[in-house]
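So you can see what is in the structure, the chains are spelled out below.
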Amino acid sequence: HMPTLDSTHQIVKNVVQIIQNRIKDPANNPPLKIAVFGGSVTIGRACYMEKGMQNKQCAWPTRFKLLINQFLGMDVVEVYNLGIGGTNSDTATRMVDYWMYPDELKQEGPDVIINSYSTNGK
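Residues numbered from 1 in each chain as written. Predicted model: local features only at pLDDT ≥ 70, side-chain atom pairs only at ≥ 80, totals over all residues. Heavy atoms only, no water.

Draft legend 1. Summary view of the overall build of the protein chain. On a plain count of helices and strands, the protein chain comes out with six helices and three strands. When its helices and strands are written in sequence order, the protein chain yields α-β-α-α-α-β-α-α-β. Taking all 122 residues of the protein chain together, 28% fall into the buried category. Restricting the contact set of the protein chain to residue pairs at least 6 apart, pairs at least 24 apart contribute 64%. By element, 54% of the accessible surface of the protein chain is carried by carbon and sulfur atoms, the whole surface being about 8,700 Å². (Helix = DSSP H or I, 4+ residues; strand = E, 2+ residues; numbered from the N terminus. Buried < 20%, exposed > 50% of the residue type's maximum accessible area, 1.4 Å probe, protein only. Contact = heavy atoms within 4.5 Å. Areas by Shrake-Rupley, 256 points an atom, 1.4 Å probe, with all protein chains shown as cover.)

Structure follows, in structure tokens:
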């Protein structure tokens, strides 16, 4: 569905409200939950691995989470890397449609979904 200006504005307001609540009272407000769908770039295929780091830990979604949380000085967001190499947005659509989330997201789902599929040309 194409979002309208009003619906987009409300979504942004909801995200800001979750973040503000987390900053004001972290004990009683969970972090903003961001699910990132994508292919091999998202999952971190062949990204540089430091000692003890798995691919997902050095992929951009984890680095994005670290950047935001370090900037704000606390854990404000939790980012779930749901990338699967060799897939396209049809895979992500099915995962969302059939509520195929990790256990941490199964109850309520993510607050934000980022579609991060690359365009691969031949």
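Draft legend 2. How the structure looks around the confidence of the model for the protein chain. Per-residue confidence for the protein chain averages 88 on the pLDDT scale, and 88% of its residues sit at or above 70. Mean pLDDT values over the elements of the protein chain span from 69, in helix H3 (residues 55-58), up to 97, in strand S1 (residues 32-38). (pLDDT = per-residue confidence, 0-100.)

Draft legend 3. The sheet that holds S1, seen in detail. Strand order in the open sheet formed by three strands is S2-S1-S3, and the pairing between neighbours is parallel. In this open sheet, the two strands that pair with only one neighbour each are strand S2 (77-81) and strand S3 (112-116). In this sheet, neighbouring strand axes are inclined to one another by 20° on average, regardless of whether the strands run parallel or antiparallel. Both S1 and S3 contribute to a ladder of five bridges, which runs parallel. Residue pairing across strands places Val-36 opposite Ile-114, the latter belonging to S3. (Pairing = 2+ DSSP bridges. Axes fitted to C-alpha atoms, helices over the stretch in contact; angles between N-to-C directions.)

Draft legend 4. Geometry of helix H5 (residues 89-97). If you check the start of H5, you find a side-chain oxygen 2.9 Å away from the backbone N of Asp-90, and it comes from Asn-88. Phi turns positive, to about 55°, at Trp-99, one or two residues after H5. (Polar contact = N/O pair within 3.5 Å; in protein donor to acceptor, adjacent residues only side chain to side chain.)

Draft legend 5. Representation of the pattern of salt bridges in the model. Applying the stated criterion across every chain yields a total of two salt bridges. Between Lys-33 and Glu-108 there is a salt bridge whose closest N-O contact spans 3.4 Å. You can see Lys-33 sitting in strand S1 and its partner Glu-108 sitting in the loop between helix H6 (103-106) and S3, a full 75 residues away along the chain. Note on Lys-33: relative accessible area 12%, which makes it buried. Between Lys-65 and Glu-78 there is a salt bridge, with its nearest N and O atoms 3.4 Å apart. Residue Lys-65 is located in helix H4 (residues 60-72), and its partner Glu-78 is located in strand S2; the two are separated by 13 residues in the primary sequence. (Salt bridge = Lys/Arg side-chain N within 4 Å of Asp/Glu carboxyl O.)

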